[in-house]
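# Notes for the structure review
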Amino acid sequence: MPRVSIVGSGFGALTAISSLRAADPSLDITVVSPKPEFVYYPGLIWVPSGLRSGEDLRIDLVSFFRRMQVTHHAAEAIGLSDDGRTLHTSDGDIDNDGLIIASGGRFIKKLPGIEHAITPCEGIPAAEAIRDRLKALDGGTVAMGFAGNPKEPSSMRGGPIFEFLFGLDRQLRREGRRERFRIVFFTPAERPGNRLGPKAVDKLLGEMHKVGIETHLGHKMKGFTADKVMTEGGEIPADLIVFMPGMTGNQWFDSTQLPRSPGGLIQADAHCRVPGTERVYVVGDSGSFPGPDWMPKQAHMADLQAKAAAKNLVAEFKGEAADATFDVELLCIVDANDRGMVVWRTEKRNWILPNSVAFHWLKRGFEWWYLRQYRL
């Protein structure tokens, strides 16, 4: 009965559990995360407007773990030894015969004054803070932006900022307050959202211009104060700052001998295997994978990688070829609370479908469909 340890309880980790259990019912699976819960991060964009509450997005995994015959170890990973066969946690060591690291990434918080900015994808409290700050404002300037990891440009999550931007515009219009607010989008990139594809960039910037969202593009970030964003191209006075920094690896990676990418992530090959190790895999935001420079850091990509990692790990246990790979695919609906546009990119195609109410409801329907497997 091979023992598998999985670090994390996010998208990649849960998909790995389902895939492993389907492939081999005999596996002894242990999941290490602080709580047996899953937060549906794509729904955070709807918290400021009240379409979702924090409790709508926080899913108790006790029932799912029971169905999957998984042991949950409530702790944080703090290191590895024995070539990955022993996982050190804040509540003791766990031995394994195979390891999947799906503990997500960490936002780079080095810019001076970054404590004055809210990073929405840090979780439910951050999205609720945006909601509460907006309620307290009678008017003013809201500045929203993102940046990347200079040592690893693909390690970034800018897409949700577009959704918070367009969602805020629609929310304020619905509340009859839009004329009292200035919304400014900022980023060091001259062509923000280029990973979505050149056509998508033009479409997004065109939508911003159409609804009166100002842009401050192509200027290196200098820092923040409580009431302004500072860049080499000037300052943006702001009553609320929402900023998504670039991403790097988890701090506990420093207590391992695992190979790292220039940006601090765990190095992986096309099979999600960590080079130089035996039966150690990484999926999602924790890893740096070979592929095109537009490879997204998003839940859909983590799911695809998790399926490949699980298939390869089971193959290794059986003495078979562990040669499964994953497709590189960017698929998202850029939502604005009551409408959305679809962006789909593969190595062969790049489609952008215009704003439609139907796509908003499609995104909400997908949320229900995806979460029901964990809510049962």
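Let me sum up the structure you'll find in this document. Treat the numbers as computed from the prediction; the structure is a model and nothing was measured. (Residues numbered from 1 in each chain as written. Predicted model: local features only at pLDDT ≥ 70, side-chain atom pairs only at ≥ 80, totals over all residues. Heavy atoms only, no water.)

### Quick word on the overall build of the protein chain
Helix and strand content of the protein chain: 8 helices and 24 strands. Its C-alpha atoms give the protein chain a radius of gyration of 21 Å, near enough to 21 Å, the size a compact globule of 376 residues would have. Residue burial in the protein chain is summarised as follows: out of 376 residues, 55% are buried. Looking at charge distribution, the protein chain has the averaged site of its 46 positive side-chain charges lying 5 Å from that of its 46 negative ones. (Helix = DSSP H or I, 4+ residues; strand = E, 2+ residues; numbered from the N terminus. Rg over C-alpha atoms; globule rule 2.2 N^0.38 Å. Buried < 20%, exposed > 50% of the residue type's maximum accessible area, 1.4 Å probe, protein only. Lys, Arg positive; Asp, Glu negative; His and termini not counted. Charge placed at Lys NZ, Arg CZ, Asp CG, Glu CD.)

### Some words on the pattern of salt bridges
Pairing is possible between side chains of opposite charge, provided their charged atoms come close. Here the structure, examined in full by the defined rule, presents 24 salt bridges. The salt bridge involving Arg131 is made with Asp132; its shortest N-O contact spans 2.9 Å. Put simply, Arg260 and Asp254 hold a salt bridge, and the shortest N to O gap is 3.0 Å. For Asp254, a relative accessible area of 52% corresponds to the exposed category. (Salt bridge = Lys/Arg side-chain N within 4 Å of Asp/Glu carboxyl O.)

### Digging into the environment of Met208
Inspection of the secondary structure assignment puts Met208 in helix H6 (residues 198–211). The class of Met208 is buried, set by a relative accessible area of 0%. Sequence spacing of Met208 and Phe185 is 23 residues, and the spatial spacing of their C-alpha atoms is 8.8 Å.

### Concerning the sheet that holds strand E14 (residues 221–225)
An order of E14-E15-E16 is seen for the 3 strands of this open sheet, with the pairing classed as antiparallel. For this open sheet the edge positions go to E14 and strand E16 (234–237), each flanked by a neighbour on one side alone. This sheet shows a mean twist of 15° between the axes of neighbouring strands, independent of strand direction. Inspection of the sheet shows E14 paired to strand E15 (residues 228–231) by 4 bridges, in the antiparallel sense. Opposite Phe224, over in E15, you have Val229 as the bridge partner. (Pairing = 2+ DSSP bridges. Axes fitted to C-alpha atoms, helices over the stretch in contact; angles between N-to-C directions.)

### Remarks on H6
Over its 14 residues, H6 extends 21 Å from the first C-alpha to the last, a length consistent with the 20 Å expected when each residue adds 1.5 Å. Those residues of H6 that sit buried are Ala200, Val201, Leu204, Glu207, Met208 and Val211. Down the axis of H6, the buried set is contained in an arc of 130°. They therefore lie on one face. Of the exposed residues in H6, those oriented more than 90 degrees away from the buried face are Lys199, His209 and Lys210. Along its buried surface, H6 packs onto helix H5 (159–175), strand E12 (181–187), strand E13 (214–217), strand E22 (330–335), strand E23 (340–345) and strand E24 (350–356). (Expected span 1.5 Å × (residues − 1). Arc of directions from axis to C-beta. Contact = heavy atoms within 4.5 Å.)

### Things to note about helix H4 (residues 124–136)
In an α-helix, one full turn covers 3.6 residues, which means residues spaced three or four apart are oriented alike. Between the first and last C-alpha of H4 there are 19 Å, a value that for 13 residues agrees with the 18 Å anticipated at 1.5 Å per step. Listed in full, the buried residues belonging to H4 are Ile124, Ala126, Ala127, Ile130 and Leu134. On its buried side, H4 packs onto strand E3 (37–39), helix H2 (54–57), strand E4 (58–60), strand E11 (140–146), H5 and strand E17 (240–244).

### Overview of the side chain of Thr30
With respect to the helices, strands and loops of the structure, Thr30 is situated in strand E2 (residues 28–33). Residue classification places Thr30 among the buried residues on the basis of a relative accessible area of 14%. Each residue touching Thr30, except ones within four places of it in the same chain, is listed here: Val4, Ser5, Ile6, Thr71, His73 and Ile94.

### A look at the packing of helix H1 (residues 11–23) against helix H7 (residues 299–317)
For the pair H1 and H7, the least separation of the axes is 8 Å and the interaxial angle reads 35°. Where H1 crosses over H7, the handedness of that crossing is right-handed. For the pair H1 and H7, the contacting residues are Phe11, Gly12, Thr15, Ala16, Ser19, Leu20 and Ala23 in the first and Ala299, Ala302, Asp303, Ala306, Lys307, Ala310, Leu313 and Val314 in the second. By residue class, the composition of the contact of H1 with H7 is 10 nonpolar, 3 polar and 2 charged. (Left-handed = near helix turned anticlockwise from the far one by under 90°. Nonpolar A, V, L, I, M, F, W, Y, C, P; charged D, E, K, R; others polar.)

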